[in-house]
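# Notes for the structure review
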Amino acid sequence: MLRLFSPAKVNLFLLVVGKRPDGYHDLASLFQTITLGDTLEYELSDKDVLTCTDPTLPTDASNLVLKAASLFRSKTGIKIGLKINLDKKIPSQAGLGGGSSNAASTLWAFNKLTGCPASVKELQQWGGEIGSDVPFFFSEGTALCEGRGEKVHPLPSLESAPFWIAKPKSGCSTPAVFKRLRLDEMHQPQLVIENLLDPISYHNDLEIPAFEINPELKKLKEILLKSGFQTVLMTGSGSAFFCMGSLSSFPSIPDVSYYAVQFLNRKSDDWYRI
Ligand code: C5P
């Protein structure tokens with residue numbers, strides 16, 4: 001049996017730089033894995049079986065974990081199945097990349113359990129067929145991602161003080177948030193991405209459309225900033241925020257859960273560990 005930690009991610013900045021003919025958007029985003037994550041257990045089996053501690057999540061072929069298992073078989077020609085248990089801790093519809101991380105972990109696990117027929121580069125490329133955020137997880141945890149997310153430029157790990165994830169009960173639909181985005185009202189042809197890296201310029205172009213769809217998110221950001229956090233930024237297409245800065249106690253807001261986290265990076269020859 002192989003047990004893997006499957007980390008969430010945050011987008012320390014996320015710029016939408018254009019709309020593509022295929023309907024996706026070109027992004028420039030600084031991705032970072034964090035210590036909040038799920039645990040997956042894998043065993044080779046005669047057929048695929050997925051169990052999950054969260055009964056609200058589908059465990060059929062629509063789950064990205066099983067999509068990753070099928071994709072690995074179709075790419076390698078390997079015929080065996082995978083028995084998987086997913087201990088879910090990453091909230092869904094949060095912009096934390098939980099499903100994408102689980103898919104990446106599954107590609108890594110299937111490869112490991114079958115004697116590593118594929119390189120990490122191949123796993124990363126195949127991951128892009130499952131979802132835009134999947135290739136990032138094959139970096140070592142800090143990367144500038146461009147295109148749909150599939151152009152991954154690894155960066156050295158960043159200093160991390162502990163910080164918080166604040167997740168309201170309501171979630172965000174990624175397609176709905178991208179659909180609401182009005183590219184002509186965005187700013188940045190003049191922005192030079194390298195200038196956003198040092199110091200990190202915390203900014204997310206998806207906040208405006210997400211706040212239009214759910215005005216409660218804007219109010220939550222304001223409350224979190226008023227309570228003393230220096231930086232409060234929505235991650236991905238929301239609805240979670242990361243909150244940085246020293247604070248003796250955070251505000252107790254109904255239906256908001258907090259998670260204490262730090263940045264996490266993996267070693268080049270190993271998967272993520274906490
Ligand atoms: O690739 P993924 O399945 O995660 O994307 C979900 C949806 O988010 C896409 O169908 C698309 O509407 C939107 N999206 C986008 N541009 C991206 C990533 C996602 O428009 N770079």
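Above this note sits the structure.
Attention here is on the structure that accompanies the text. (Residues numbered from 1 in each chain as written. Predicted model: local features only at pLDDT ≥ 70, side-chain atom pairs only at ≥ 80, totals over all residues. Heavy atoms only, no water.)

## Points about the sheet that holds strand β9 (residues 231-234)
As a reminder, the rule being used: Only strands that DSSP links by at least two bridges are regarded as paired with each other. Only DSSP runs of H or I reaching four residues or more are called helices, and only runs of E reaching two or more are called strands; each is numbered from the N terminus. Lines fitted to the C-alpha atoms define the axes, with helices restricted to the stretch that makes contact. Angles between their N-to-C directions range from 0 to 180 degrees.
What the four strands build is an open sheet, ordered β9-β10-β7-β11; its pairing is antiparallel. Each end of this open sheet is capped by a strand with a single partner; those strands are β9 and β11 (256-261). Here the average twist between neighbouring strands, direction ignored, is 25°. In terms of strand pairing, strand β7 (residues 163-168) meets strand β10 (residues 241-244) through three bridges, oriented antiparallel.

## A look at the packing of helix α1 (residues 64-76) against helix α2 (residues 98-113)
Selection criterion: Two helices crossing with the near one rotated counterclockwise from the far one by less than a right angle form a left-handed crossing, whereas a clockwise rotation gives a right-handed crossing. Residue contacts are counted whenever heavy atoms from the two residues lie within 4.5 Å of one another. Only Asp, Glu, Lys and Arg are considered charged in this grouping, and only Ala, Val, Leu, Ile, Met, Phe, Trp, Tyr, Cys and Pro are considered nonpolar; every other residue, Gly among them, is considered polar.
Running from N to C, α1 and α2 cross one another at 35°; their axes reach a closest spacing of 8 Å. Helix-helix and strand crossings are classified by hand; for α1 and α2 the assignment is right-handed. Each of L64, V65, A68, A69, F72 and R73 in α1 lies in contact with α2, whose residues at this interface are G99, S100, N102, A103, T106, L107, F110 and N111. Residues that form the contact of α1 with α2 fall into these classes: eight nonpolar, five polar and one charged.

## Comments concerning unusual backbone geometry
Cis peptide bonds are those with omega within 30 degrees of zero, and the linkage from D198 to P199 qualifies with 0°. As for its placement among the helices and strands, P199 is situated in the loop between α4 (174-180) and β8 (203-204). Between G238 and the following residue, S239, the backbone shows a cis peptide bond with an omega angle of 15°. By secondary structure assignment, the location of S239 is in the loop between β9 and β10. Unlike most non-glycine residues, C116 shows phi in positive territory, near 55°. Among the secondary structure elements, C116 is positioned in the loop between α2 and α3 (120-127).

## Some remarks on the pattern of salt bridges
When charged atoms on two side chains of opposite charge get close, those side chains can pair. Inclusion rule: A side-chain nitrogen of Lys or Arg and a carboxyl oxygen of Asp or Glu constitute a salt bridge if their distance falls within 4 Å. Three labels apply to residues, based on accessible area from a 1.4 Å probe with only protein chains included: buried if under 20% of the type maximum, exposed if over 50%, partly exposed otherwise in between.
Counting across every chain of the model gives 14 salt bridges. Close ionic contact of E207 with K221 constitutes a salt bridge, the shortest N to O distance being 3.0 Å. Highlighted residues: E207 in helix α5 (residues 207-213) and K221 in helix α6 (residues 215-226), separated in sequence by 14 residues. Neither residue differs from the other here; E207 and K221 are each classed as buried. Through salt bridges with shared partners, one network takes in R20, D22 and D26.

## Comments concerning the nonpolar core
Keep this limit in mind: The nonpolar core is taken to be a set of buried Ala, Val, Leu, Ile, Met, Phe, Trp, Tyr and Cys residues, with the residues joined through side-chain atoms within 4.5 Å.
In terms of nonpolar packing, the biggest core is built from 38 residues, with Y42, I84, F138 and W271 touching the most fellow members. Mapped by element, the contributors of at least two residues to this core are β1 (2-19), β2 (25-45), β3 (49-52), α1, β4 (81-87), α2, α3 and β5 (142-147). In contact with W271, other than residues within four places in its own chain, are L4, F5, A104, S105, W108, F137, F138 and R266. L12, A28, L36 and I193 belong to the second largest nonpolar core, which has 24 residues in total.

## What about the site of the ligand?
Selection criterion: For this description, a residue counts as near a given molecule or strand if any of its non-hydrogen atoms is within 4 Å of it. Pairs of N or O atoms within 3.5 Å make up the polar contacts considered here, provided that, within protein, one atom can donate a hydrogen while the other can accept it, and that residues adjacent in sequence are counted only when both atoms are side-chain atoms. For the accessible areas, the method is Shrake-Rupley and the probe is 1.4 Å, while residue cover comes only from the protein chains on display.
All residues adjacent to the ligand are G23, Y24, H25, L27, G131, S132, R148, T174, P175 and F178. Here an oxygen atom of the ligand and a side-chain polar atom of H25 are 2.7 Å apart. Starting from 460 Å² of accessible surface for the ligand in isolation, the protein chains cover 73%. Top contributing element to the shell around the ligand by residue count: α4, with three residues. Of the residues that constitute the shell around the ligand, the class distribution is four nonpolar, five polar and one charged.

## Considering α3
Because an α-helix completes one turn every 3.6 residues, residues spaced three or four positions apart along the sequence face the same direction. Put simply, the test is: It is the directions from the helix axis to the C-beta atoms that the arc portrays.
Three or more residues of α3 are buried, namely L123, Q124, W126 and G127. Projected down its long axis, α3 carries its buried residues within an arc of 165°, all on one side. Every exposed residue of α3 that faces more than 90 degrees away from the buried side is listed here: K121 and Q125. In this structure, the buried side of α3 is in contact with α1, α2 and β6 (151-154).

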